[in-house]
Amino acid sequence: MDSLLIEGGCTLQGEVTVSGAKNAVLPIMAAALLTEESCIIKNAPNLSDVRFMGQILASLGAKVEFDGDTVVIQSKEIHGRGDYDLIRKMRGSVCILGPLLARLGVAEVSLPGGCVIGSRPIDLHLKGMEALGALVEIRSGYVIVRADELVGNQVFLGGRVGPTVLGTANVMMAAVLAKGRTIIESAACEPEIVDLADFLIGMGAKIKGAGSPTITIEGVAKLHGTSHEVIPDRIEAATFAVAAAATRGDVLIHGARCEHLGAVLDKLSDAGVSFTRGEKTLHVTGADVFKPVDVTTQPFAGFPTDTQAQMMALMTLTDGISVITERIFESRFMHVSELARLGAEIAIEGGATAIVKGGRPLSGAPVMASDLRASAALVIAGLVADGETTVKRIYHLDRGYERIDQKLEKLGGRVRRVKES
Ligand code: EPZ
């Protein structure tokens, strides 16, 4: 397992380009199952999750070819059984359910199981499939959905904490080949859903309202291949913006879409960070004094849960008390104990709120990555802490950040990847 050795006290300076969005390319790759024709997906990030989704599609019979940041997928002869050993390793693989159901009338996918940030149920995905006429059966750890014919319907997809991103993706991908009209209410509004809808429309689907809480889909008989460029990764852009601010650096982030970063920029501004928005860039020019902030994670366009850990790392540097409330996942504070090992003072109140008492200088130490975004928070803290920080198990990072060590080194970060037995 690789680790990252980070020498703290650096200032990030220069230019960085964010890669394509992980959370857009995964459902888009799954959507290629909806047609026999070739789909060309450009600006795909070179991530372990993306290569893994390629393995899953290949296990279903699809032909998957990677050529740099382009993936070509052809699903001529496919079957509908997603193998447990593959599916259980990546929650995002659940989004093969909808396209398999629409294309084959049957999908058998192992229940994705939970992960460190929460139980990750799929009840809303299944509610949407049933609304379209599918029969759902849970048997020996697999969910089996089948339908002789999918018929459009109205379905409310809001759950306890609001919309579901991959649930919206799954139902949209099932509905595009259903008979008649489907209206999804309380749909997720994330930019990744808009990107998936654009891909499906490129295949000949009829979709209106993606990006709003109500999405209307008119089913069509068949879809054709298409070529599509994936949007830039807003969470990677946010991560580099926070890292630039934390090191009081000066970083020009190419590919940042500021219209996808409203809530993050609002909180960075509250924290005293200065930045300039560009057409497709974000120029972060550091901060003289950081101010404490109050952050609550919400569905888009609220503050993204995928940037909560990174913001917490920044808040450890501010003089004062910051309050961070996680409303989307039930246990997304794995980074708190590891940040404490670097000297941060953080108390968790009632499970969902972290009180960050900032201002005490951080000092480097060995820490353990636990999930994708918690790992990013530890890297940011390591860049600032005095001395050396070793972030272990950075396979978590490689799932969602393309060559983050090289990108940070190019910005002046003293970061080195070491292979550990
Ligand atoms: C997507 O996960 C992202 N992953 C997550 O990013 C992101 O944190 C999350 O959306 C929220 O924005 C991908 O797109 C691959 P949800 P998803 O369904 O779709 C509950 C990262 O770090 N829920 O929107 O699985 C659920 O428990 C990852 O890149 C139900 O109750 O998340 C959670 O509390 C982490 N029933 C909330 O909804 C359901 O059927 C939001 O989950 C589905 C979800």
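These figures come from a predicted structure and were not determined experimentally.

Some words on the site of the ligand
- Lining the immediate environment of the ligand, one finds 22 residues, of which Asp123, Leu124, Thr164, Asp306 and Ile328 sit closest.
- Thr164 has a polar side-chain atom sitting 2.7 Å from an oxygen atom of the ligand.
- Between the ligand and the protein, one listed contact pairs an oxygen atom with a side-chain N or O atom of Arg373 at 2.8 Å.
- In isolation the ligand has 830 Å² of accessible area, and contact with the protein removes 93% of it.
- Secondary-structure elements contributing two or more residues to the shell around the ligand are α1 (22-31), α5 (123-131), α6 (165-175) and α12 (372-384).
- With three residues, the single largest contributor to the shell around the ligand is α5.
- For the shell around the ligand, the per-class residue count stands at 11 nonpolar, four polar and seven charged.
- Summarising the domain contributions, the shell around the ligand has at least three residues from each of domain 1 (2-18 + 232-419) and domain 2 (22-223).

Let's talk about the packing of α6 against helix α7 (residues 191-202)
- The N-to-C vectors of α6 and α7 enclose an angle of 15°; their axes lie 10 Å apart at closest approach. Classified by the interaxial angle, the pair formed by α6 and α7 is roughly parallel. The interaxial crossing formed by α6 with α7 has right-handed handedness. Residues Val165, Thr168, Ala169, Met172 and Met173 of α6 form the contact with α7, whose participating residues are Ile193, Leu196, Ala197 and Leu200.

A look at the side chain of Glu190
- Checked against the element boundaries, Glu190 lands in the loop between β11 (181-185) and α7.
- In this structure the side chain of Glu190 is engaged in a polar contact, spanning 3.0 Å, whose partner is the backbone nitrogen of Phe300.
- When residues no more than four places from it in sequence are discounted, the contact partners of Glu190 are Val165, Arg234, Pro299 and Phe300.

A short note on the sheet that holds strand β18 (residues 294-296)
- Judged by pairing direction, the sheet is mixed, and its four strands sit side by side in the order β18-β19-β21-β20 without closing on themselves. On the outer flanks of this sheet lie β18 and β20 (345-349), each paired with one strand and no other. If you compare each strand with its neighbour and ignore which way they point, the axes differ by 15° on average.
- Relative to strand β21 (residues 353-358), strand β19 (residues 320-325) runs antiparallel, the two sharing six bridges. Residue pairing across strands places Gly320 opposite Gly358, the latter belonging to β21.
- Sitting on the sheet, helix α10 (residues 308-315) is in contact with β18, β19, β20 and β21, with an inclination near 175° to β19.

Some details on the environment of Ala374
- Structurally, Ala374 can be placed in helix α12.
- Classification of Ala374 as buried rests on a relative accessible area of 1%.
- C-alpha separation for the pair Ala374 and Phe333, spaced 41 residues apart in sequence, amounts to 7.8 Å.
- Among all residues touching Ala374, those that are not within four sequence positions of it are Ala309 and His335.

Topic: the pairing of strand β3 (residues 38-42)
- Side chains of β3 alternate between two faces, with Cys39 and Ile41 buried and Ser38, Ile40 and Lys42 left unburied.
- Pairing of β3 with strand β5 (residues 70-74) involves four bridges; the strand directions are antiparallel. If you follow Ile40 over to β5, its bridge partner there is Val72.

Structural notes on the pattern of salt bridges
- Taken as a whole and assessed by the stated rule, the structure comprises 16 salt bridges.
- Lys179 serves as the salt-bridge partner of Glu149, at 3.5 Å between the closest nitrogen and oxygen. Residue Glu149 is located in the loop between β9 (142-146) and β10 (154-156), and its partner Lys179 is located in the loop between α6 and β11; the two are separated by 30 residues in the primary sequence.

With respect to the packing of aromatic side chains
- Taken as a whole, this structure holds zero aromatic pairs when the rule is applied.
- Here Arg81 stacks its cationic end above the ring of Tyr142, 4.3 Å away from the centre of that ring.

Regarding the domain arrangement of the chain
- Each domain of the chain was delimited in the assignment, giving domain 1 (2-18 + 232-419) and domain 2 (22-223).
- Taking only C-alpha atoms into account, the centre of domain 1 sits 30 Å from that of domain 2.
- Domain 1 puts 23 residues into the contact, and the matching count from domain 2 is 20 residues.
- Roughly 1,800 Å² is buried in total at the junction of domain 1 and domain 2, and carbon and sulfur atoms are behind 51% of that figure.
- At the boundary of domain 1 with domain 2, the tally comes to two salt bridges.
- The salt bridge involving Glu192 is made with Arg234; its shortest N-O contact spans 2.8 Å.
- Where domain 1 packs against domain 2, one counts seven residue pairs in polar contact (both at pLDDT 80 or more).
- Counting residues per element, the ones that place at least two in the side of domain 1 that touches domain 2 are α12 and α13 (395-400).
- No other element matches the three residues that α13 contributes to the side of domain 1 that touches domain 2.
- Classifying every residue of the side of domain 1 that touches domain 2 gives eight nonpolar, four polar and 11 charged.

Notes on the sheet that holds strand β12 (residues 206-208)
- Taken together, the four strands give an open sheet; going across it, the order is β10-β11-β13-β12, and neighbouring strands pair in mixed fashion. The open sheet terminates on both sides in strands that have one partner only, identified here as β10 and β12. Along the sheet, successive strands turn relative to each other by an average axial angle of 15°, direction set aside.

Thresholds applied
Residues numbered from 1 in each chain as written. Predicted model: local features only at pLDDT ≥ 70, side-chain atom pairs only at ≥ 80, totals over all residues. Heavy atoms only, no water. Near = heavy atom within 4 Å. Polar contact = N/O pair within 3.5 Å; in protein donor to acceptor, adjacent residues only side chain to side chain. Areas by Shrake-Rupley, 256 points an atom, 1.4 Å probe, with all protein chains shown as cover. Helix = DSSP H or I, 4+ residues; strand = E, 2+ residues; numbered from the N terminus. Nonpolar A, V, L, I, M, F, W, Y, C, P; charged D, E, K, R; others polar. Domains from an automatic or database assignment. Axes fitted to C-alpha atoms, helices over the stretch in contact; angles between N-to-C directions. Parallel < 35°, antiparallel > 145°, perpendicular 65-115°, else oblique. Left-handed = near helix turned anticlockwise from the far one by under 90°. Contact = heavy atoms within 4.5 Å. Pairing = 2+ DSSP bridges. Buried < 20%, exposed > 50% of the residue type's maximum accessible area, 1.4 Å probe, protein only. Salt bridge = Lys/Arg side-chain N within 4 Å of Asp/Glu carboxyl O. Phe/Tyr/Trp six-rings, centres within 6.5 Å; stacked < 30°, edge-to-face > 60°. Lys NZ or Arg CZ within 6 Å of the ring centre and 35° of its normal. Buried area = accessible area lost by both parts, 1.4 Å probe.

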